[in-house]
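Coordinate analysis (summary)
If you want the building blocks of each chain, they are given just below.
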Amino acid sequence: MNMGLGRVVVVGGGFAALEVALALRKLDASVPVTVVSDETEVVYRPWLIRVPAGGQQPPIIPFPRLLEAAGVEVVARRVAGADLDQRHLVLDSGAAIDYEQLVVATGATADRQRVPGALRHAIFPCDLDDAAALEARISAGASHLAVVFGWERPGPGLEYAAWIARHRSGVRVTAVDGDGTMARRFGDKATAWIRTRLERLGAHLITDGTVERIGEGTVHLSEGAVDADLIAIVAPLRGNAAWLPPNLLTDYGMLRVDNTMAAGPGVFAIGDVVAVPDGYRLPPALRSIQATAPGVARNVAGALRGATMQPVLELGRPDMLAPDLAGVSVLVRDRRLVLRGRLPLLIRASGEWRYLRSRSARGS
Ligand SMILES: Cc1cc2nc3c(=O)[nH]c(=O)nc-3n(C[C@H](O)[C@H](O)[C@H](O)COP(=O)(O)OP(=O)(O)OC[C@H]3O[C@@H](n4cnc5c(N)ncnc54)[C@H](O)[C@@H]3O)c2cc1C
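Computed from a predicted structure; not experimentally measured.

**What about the domain arrangement of the chain?**
- Under the domain assignment used here, the chain contains domain 1 (8-107 + 240-304) and domain 2 (118-236).
- Relative to domain 2, the C-alpha centre of domain 1 lies at a distance of 30 Å.
- With 13 residues of domain 1 at the contact, the number on the domain 2 side is 18 residues.
- Both sides of the domain 1 and domain 2 interface together cover about 1,300 Å² of buried area, and 68% of this is carbon and sulfur.
- Of all residues in domain 1, Ile-49, Pro-52 and Ala-53 give up the largest surface area on contact with domain 2, accounting jointly for 44% of the area buried on that side.

**A short note on the site of the ligand**
- Every one of the 31 residues lining the ligand counts as a neighbour, but Ala-16, Glu-39, Asp-272, Leu-286 and Arg-348 are closest to it.
- A distance of 3.0 Å is found between an oxygen atom of the ligand and a backbone nitrogen or oxygen belonging to Gly-13.
- In the model, an oxygen atom of the ligand is placed 3.3 Å from a nitrogen or oxygen of the Ala-285 main chain.
- Of all the elements in the fold, those that place two or more residues in the shell around the ligand are α1 (15-27), α5 (155-167) and α7 (286-304).

**Topic: the packing of α5 against helix α6 (residues 181-200)**
- Interaxial distance between α5 and α6 falls to 13 Å at its minimum, and their mutual angle equals 5°. Accordingly, the angle class assigned to the pair α5 and α6 is roughly parallel. Two secondary-structure elements touch here, α5 through Leu-158, Ala-162 and Arg-166 and α6 through Met-182, Phe-186, Ile-194, Arg-197 and Leu-198.

**Comments concerning the packing of aromatic side chains**
- Under the defined criterion, the tally for this structure stands at four aromatic pairs.
- Joined through ring pairs, the aromatic side chains of Phe-15, Tyr-44, Trp-47, Trp-353 and Tyr-355 make up one cluster.
- Over the ring of Trp-47 we find Arg-50; its NZ or CZ atom is 4.0 Å from the centre of that ring.
- Its end group placed over the ring of Tyr-252, Arg-114 keeps NZ or CZ at 3.5 Å from the ring centre.

**Some points on the sheet that holds strand β8 (residues 96-98)**
- Here we have three strands laid out as an open sheet, ordered β6-β7-β8, and antiparallel in their pairing. Pairing within the sheet leaves two strands with one partner each, and these edge strands are β6 (79-83) and β8. Neighbouring strand axes in the sheet, compared pairwise and without regard to direction, differ in orientation by 25° on average.
- As paired strands, strand β7 (residues 88-91) and β8 are joined by three bridges and run antiparallel to one another. Along β8, the bridge assignment pairs Val-90 with Ala-96.

**Focus: the environment of Thr-181**
- Position of Thr-181 among the secondary structure elements: in helix α6.
- As for Thr-181 and Phe-149, which are separated by 32 residues in sequence, their C-alpha atoms are 8.3 Å apart.
- Side-chain polar atoms of Thr-181 contact the side chain of Asp-179, separated by 2.6 Å.

**A closer look at α6**
- In this model α6 runs just 22 Å from its N-terminal to its C-terminal C-alpha over 20 residues, more than 12% under the 28 Å that 1.5 Å per residue would give.
- Taking the largest bend as the criterion, α6 deviates by roughly 110°, centred on Gly-187.
- Residues of α6 that are buried: Thr-181, Met-182, Arg-185, Phe-186, Gly-187, Ala-190, Thr-191, Ile-194, Arg-197 and Leu-198.
- Gly-202, located one to two residues past α6, shows a positive phi value of around 90°.

**Here's the deal with a nonpolar patch on the surface**
- On the surface, a nonpolar cluster with roughly 290 Å² of combined accessible area is contributed by Leu-343, Leu-346 and Ile-347.
- The topology assignment puts Ile-347 in helix α8 (residues 342-358).
- Since its relative accessible area comes to 51%, Ile-347 is described here as exposed.

**Here we look at the nonpolar core**
- The biggest cluster of nonpolar side chains holds 70 residues, and the ones touching the most others in it are Val-10, Ile-61, Leu-67, Leu-89, Val-104 and Ile-270.
- If sequence neighbours within four positions are ignored, Leu-67 has contacts with Leu-18, Ala-21, Leu-22, Val-35, Val-72 and Val-74.
- Judged by nonpolar contacts, the second largest core, of 58 residues, contains Ala-110, Val-115, Leu-134 and Ala-326.

**Concerning the pairing of strand β15 (residues 218-221)**
- The pairing of strand β14 (residues 211-215) with β15 spans four bridges and is antiparallel. Bridging across to β15, Ile-214 finds its partner in Val-219.
- Taking the residues that link successive antiparallel strands as the turn, the β14-β15 hairpin has two residues, and the phi of Gly-217 there is positive, at about 75°.
- Between the antiparallel neighbours β15 and strand β16 (residues 225-227) lie three residues, among them Gly-224 with a positive phi of about 95°.

What counts as what
- Residues numbered from 1 in each chain as written.
- Predicted model: local features only at pLDDT ≥ 70, side-chain atom pairs only at ≥ 80, totals over all residues.
- Heavy atoms only, no water.
- Domains from an automatic or database assignment.
- Contact = heavy atoms within 4.5 Å.
- Buried area = accessible area lost by both parts, 1.4 Å probe.
- Near = heavy atom within 4 Å.
- Polar contact = N/O pair within 3.5 Å; in protein donor to acceptor, adjacent residues only side chain to side chain.
- Helix = DSSP H or I, 4+ residues; strand = E, 2+ residues; numbered from the N terminus.
- Axes fitted to C-alpha atoms, helices over the stretch in contact; angles between N-to-C directions.
- Parallel < 35°, antiparallel > 145°, perpendicular 65-115°, else oblique.
- Phe/Tyr/Trp six-rings, centres within 6.5 Å; stacked < 30°, edge-to-face > 60°.
- Lys NZ or Arg CZ within 6 Å of the ring centre and 35° of its normal.
- Pairing = 2+ DSSP bridges.
- Expected span 1.5 Å × (residues − 1).
- Bend = angle between axes of the 7 residues up to and from the residue.
- Buried < 20%, exposed > 50% of the residue type's maximum accessible area, 1.4 Å probe, protein only.
- Patch = residues over 30% accessible without salt bridge, like charges linked within 9 Å, V, L, I, M, F, W, Y side chains within 5 Å.
- Areas by Shrake-Rupley, 256 points an atom, 1.4 Å probe, with all protein chains shown as cover.
- Salt bridge = Lys/Arg side-chain N within 4 Å of Asp/Glu carboxyl O.
- Core = buried A, V, L, I, M, F, W, Y, C linked by side-chain atoms within 4.5 Å.

Here is the structure:
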C-alpha cells in the first residue's frame, strides 16, 4: 500500500467533480480524495430542454452517494477562498482545508450581464429552476417565444426551440443566432437543413446580424429586431472561479489551463470552468468531461508522486456538433454536415442511456 500520499481536493458539485473523483479512485484506490460540494444530487442537464416542452423532469444522479461508495470523502460546503502558495482552501463556514493537489471543477453559469438588457428582460434556462420558470411562462399563455442562442454553447438553444415548437402548440418560436454561430460553426448546408427542420415544426431561424441588446419584448439585432412576449437566452457563460486569484482567469472568469489541464503548481481543472490554450478545443459539454477525466486523474495522481505531466488535450480536434432537434439531429464536423435524420440522435441516445445507467440515475 502507498502510505503517506498527499490529499487531492476536488472543488465542485457537477459532472466534472463526479467524473474526475471517480476516475482518481478507479486509477489508484490509495489516493485520498475529498470533494467539497454542498450539492446533494446532479441534474442531467442535457435533458433540461424537455422541461419547457412539457416533458418529464430530467434524471437525477445521486452525487454524494456515488462518491462515498467509491471511498471519496464529501465535505458538504462551498469554497470561499484559496491560498495556492500554501495549498490551503477556506470554506464558506470559515474552516480551512489543506490539499496537495487541487482540482477545480466549479463549472460555469449563464453570464447574465454579457448581452446588454438580458438580465432584466430574458430568462436563462440553464438549470432546473429556470427551465421550470420557462415552462411556467409558456403555460401561463406566452404565445411568441424568442430563443437566443450561440456563444460557447449553441446546442441547447436550438434544442429548446425545436422541442418547444414540436410539443407546445400555440407557441410561435423564433430561434435567434446571437453571435454568428451558424455561419461560424455549422456552415451553409447544416444551417439550411436546420432552418428547414425548424420551419417544418412551425418555428423560424434568424441568422441575419448579431444580437446587440435585449429590450422589453424585443431582441435588438445589428440588422433588425425580433418582437416576442417571452425571451430565453441560452449560452454566454461565466466561470465559477471568483474565489481564485484573478490573474489565473480569463475575462469571462474561466480558469486557464495548459494541455495537461494544469493551471499552475498543484492546481488542475476540468469541466465548464476550463479555458484551454489557443489551438486546442474543449467545448463546455459533458462529453468533454468524459473524455478528459481519465487523463486529468492520471496527471493528478502522477503529481502526488512527482511524475512528469502527460498531455490530455490534443491539437487539431474537430469541432463536432449534434443538436437534438426533437426527433432528428444533424451531425456537423468542422462546418461540414456529416449525418442527418434519426441516426445521429439514436447514436447520441444510446451513449446517454449507457452513461445514466452507469451513474445510477433516477428517473431516466
Ligand atoms: C440546457 C443545457 C443543455 C445541455 N446539453 C448538453 C448535451 O446535450 N450534451 C453535453 O455533452 N452537454 C450538454 N450540456 C452541458 C453540460 O451540462 C455541462 O458541460 C456540464 O454540466 C458541466 O459540468 P461541470 O461539472 O463542469 O459544471 P456544473 O454542472 O456547472 O457544476 C459545477 C458545480 O460546482 C459547484 N460550485 C461552484 N462553485 C463552487 C464553490 N466555490 N464551492 C463548491 N462548489 C461550487 C456548483 O454549485 C455546481 O454544482 C448542456 C447544458 C445545458 C445548460
